[in-house]
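The primary structure of each chain is shown beneath.
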Amino acid sequence: MKLKWSDVTPRSEYLNRRAFIAAGMASLATPALGLTGAPSAFSTDEKPNSLEDITNYNNFYEFGTGKTDPAEYSGSLKTKPWSVTIDGLVARPGSYALEDLAPDSALEERIYRLRCVEAWSMVIPWLGVPLASILNKAGVQPGAKYVAFRTLEDPDQMPGQRSAIIDWPYREGLRIDEAMHPLTIMATGLYGEVLPNQNGAPIRLVVPWKYGFKSIKSIVSITLTDKQPETSWQMLQPSEYGFYANVNPQVDHPRWSQASERRVGAGLLAGRQETLMFNGYGDQVANLYSGMDLAKYY
Ligand SMILES: Nc1nc2c(c(=O)[nH]1)N[C@H]1C(S)=C(S)[C@@H](COP(=O)(O)O)O[C@H]1N2
Ligand SMILES: [Mo]
């Protein structure tokens, strides 16, 4: 059976979010306006993919490796209540309730391109808060150089974890300056509504200038550390997937070109489009990597 996300969203939740549905739709019609009413310099004016595409073409190996598996099987994920442990080099370590980390009143709409390392892409209207706002709640200590993230590990809720394709839980990480960058958000919604399970409910990372695998879903822990953390894809195949994973049309994957991409939903006649350095966010993030050899730190 195929559950649409609206089938698994409780009515109370839906009612709570009605204001955002209206605001979300309005801001899509006028993409320059975010939910807060402030101009959203961060959003692209490209046409977002349909909700149908965004919620039925997913990578979420905890529910299977097929693109439609997450839509079909993620109904078993229990997203309420949800809390995130923040620990390591922080002033206030502890367990933080989702509502406190990303209160509805703080949600902003960010329409971002998502470029998967598999060379397809989409445009997704996220709702979320800057990751920096979350890290500041815990108080980052001066010695913190990296942020490590982990997804929930529970094979009863995530049947894909019964297969050892990945050393579960899924892990990701960012350098602290990448984590604090204003483009980096933690999303709790999309298209003005609560995040569908297949997209990483109830809270997932979104780092738009990096390959999609960095944007880890259904996060339960965030650890501030002074050492570069191990990350799932790098652990699995370090010659193919690096820690940085910045979108880079000049550095090919060993098994395919990264120079171009297929925009999901564009239609058969559309053809491939050129992949942009840093997924088109270079003006905002290139300075984070000045002096670094991006072929070496891929
Ligand atoms: N926990 C977890 N996070 C994950 C993945 C995953 O398999 N498990 N897949 C990643 C990959 S490869 C991509 S391209 C994006 C896809 O996000 P979307 O399905 O919301 O478009 O999620 C990323 N986050
Ligand atoms: Mo991906």
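Just so it is clear, the model here is predicted, and its values are computed rather than measured. (Residues numbered from 1 in each chain as written. Chains lettered and ligands numbered in written order. Predicted model: local features only at pLDDT ≥ 70, side-chain atom pairs only at ≥ 80, totals over all residues. Heavy atoms only, no water.)

## With respect to the UniProt feature "binding site: Mo-molybdopterin" (unreviewed entry) in the protein chain
(1) Moving on: Here the UniProt-annotated "binding site: Mo-molybdopterin" (unreviewed entry) positions come out as N58, Y61, E62, C116, T151, N199, R204, S215, I216 and K217. Lining the second largest cavity, out of the annotated residues just given, are S215.
(2) Moving on: Residue placement: S215 occurs in the loop between β9 (204-206) and β10 (219-225).
(3) Moving on: When near neighbours in sequence (up to four residues on either side) are disregarded, S215 contacts R204, L205, V206 and V207.
(4) Moving on: Topologically, K217 is positioned in the loop between β9 and β10.
(5) Moving on: Using a relative accessible area of 9% as the deciding quantity, one classes K217 as buried.
(6) Moving on: Those residues within four positions of K217 in sequence are excluded, and the remaining contacts are N58, N59, F60, T151, Q198, N199, G200, I203 and R204. (UniProt positions renumbered as here; feature names shortened; annotations may be inferred. 1 Å grid on protein atoms, 1.4 Å probe; cavity = no way out; pocket = protein on both sides within 12 Å on 5 of 7 lines; lining within 4 Å. Helix = DSSP H or I, 4+ residues; strand = E, 2+ residues; numbered from the N terminus. Contact = heavy atoms within 4.5 Å. Buried < 20%, exposed > 50% of the residue type's maximum accessible area, 1.4 Å probe, protein only.)

## Digging into the packing of aromatic side chains
(1) Moving on: For the coordinates displayed, the defined rule picks out twelve aromatic pairs.
(2) Moving on: Judged by centre distance (5.7 Å) and plane angle (75 degrees), the rings of Y61 and W233 are edge-to-face. Residue Y61 is found in the loop between α4 (51-56) and α5 (69-73), and its partner W233 is found in helix α9 (residues 232-236); the two are separated by 172 residues along the sequence.
(3) Moving on: For Y61, a relative accessible area of 18% corresponds to the buried category.
(4) Moving on: Seen from their ring centres, Y244 and Y289 are 6.2 Å apart, and the 90 degrees between their planes marks the pair as edge-to-face. One end of the pair, Y244, is in the loop between α9 and β11 (260-263); the other, Y289, is in the segment after α10 (282-285), with 45 residues separating them in the sequence.
(5) Moving on: For Y244, a relative accessible area of 6% gives the class buried.
(6) Moving on: Taken together, Y146, F243, Y244, F278, Y289 and Y297 form an aromatic cluster joined through their ring pairs.
(7) Moving on: The ring of Y281 has R113 lying over it, and the distance from NZ or CZ to the ring centre is 4.5 Å. (Phe/Tyr/Trp six-rings, centres within 6.5 Å; stacked < 30°, edge-to-face > 60°. Lys NZ or Arg CZ within 6 Å of the ring centre and 35° of its normal.)

## Regarding the side chain of E178
(1) Moving on: Counting through the fold element by element, E178 comes out in helix α8 (residues 176-180).
(2) Moving on: Beyond its immediate sequence surroundings of up to four residues, E178 is in contact with T184, W209, K210, Y244, L288 and Y289.

## Examining the site of ligand 1
(1) Moving on: Residues in contact with ligand 1 amount to 16 residues; listed here are only the nearest, N58, Y61, E62, S215 and K217.
(2) Moving on: N58 places a polar side-chain atom, nitrogen or oxygen, 2.8 Å from an oxygen atom of ligand 1.
(3) Moving on: Between ligand 1 and K217, the relevant distance is 2.7 Å, taken from an oxygen atom to a side-chain nitrogen or oxygen of the residue.
(4) Moving on: When ligand 1 is considered free in solution it has 540 Å² of accessible area, and contact with the protein chains removes 98% of it.
(5) Moving on: Among the residues making up the shell around ligand 1, the classes are represented as seven nonpolar, six polar and three charged. (Near = heavy atom within 4 Å. Polar contact = N/O pair within 3.5 Å; in protein donor to acceptor, adjacent residues only side chain to side chain. Areas by Shrake-Rupley, 256 points an atom, 1.4 Å probe, with all protein chains shown as cover. Nonpolar A, V, L, I, M, F, W, Y, C, P; charged D, E, K, R; others polar.)

## Notes on empty space enclosed by the protein
(1) Moving on: Tallying each qualifying case throughout the model produces two cavities of 30 Å³ or more.
(2) Moving on: Of the pockets and cavities examined, the second largest cavity occupies roughly 40 Å³.
(3) Moving on: Y112, R113, L114, R115, W126, V206, V207, P208, K210 and S215 are the residues that line the second largest cavity.
(4) Moving on: Among the elements that take part in the lining of the second largest cavity, strand β3 (residues 108-115) stands out by supplying four residues, more than any other.
(5) Moving on: Residues belonging to the lining of the second largest cavity are distributed by class as follows: six nonpolar, one polar and three charged. (Points joined across faces, edges and corners; volume = space filled by probe spheres on them.)

## Thoughts on the confidence of the model for the protein chain
(1) Moving on: Confidence in the prediction of the protein chain, expressed as mean pLDDT, is 90, and 87% of residues score 70 or more.
(2) Moving on: Per-residue pLDDT stays below 50 along residues 1-34; that stretch engages in 47 contacts with residues further than four places along the chain or on separate chains. (pLDDT = per-residue confidence, 0-100.)

## Considering the nonpolar core
(1) Moving on: Core analysis: the largest hydrophobic core is formed by 72 residues, its most contacted members being I86 and I222.
(2) Moving on: In terms of residue count, the dominant contributor to this core is strand β4 (residues 120-130) (six residues). (Core = buried A, V, L, I, M, F, W, Y, C linked by side-chain atoms within 4.5 Å.)

## Quick look at the pattern of salt bridges
(1) Moving on: Applying the stated rule across the entire model yields twelve salt bridges.
(2) Moving on: Taking the shortest distance from any N to any O, the salt bridge between D167 and R171 comes out at 3.7 Å.
(3) Moving on: Residue R171 is classed as buried on the basis of its relative accessible area, which comes to 11%.
(4) Moving on: With its nearest N and O atoms 2.8 Å apart, the salt bridge here joins R175 to D177.
(5) Moving on: A relative accessible area of 30% means that D177 is categorised as partly exposed.
(6) Moving on: Taken together, the shared-partner salt bridges connect E46, R113 and R263 into one network. (Salt bridge = Lys/Arg side-chain N within 4 Å of Asp/Glu carboxyl O.)

## Observations concerning helix α7 (residues 131-138)
The α-helix advances 3.6 residues per turn, and as a result positions three or four apart in sequence lie on the same side.
(1) Moving on: For α7, the full list of buried residues reads L131, A132, I134, L135 and A138. Down the axis of α7, the buried set is contained in an arc of 160 degrees. They therefore lie on one face.
(2) Moving on: Looking one or two residues beyond α7, the residue adopting positive phi is G139, at roughly 80 degrees. (Arc of directions from axis to C-beta.)

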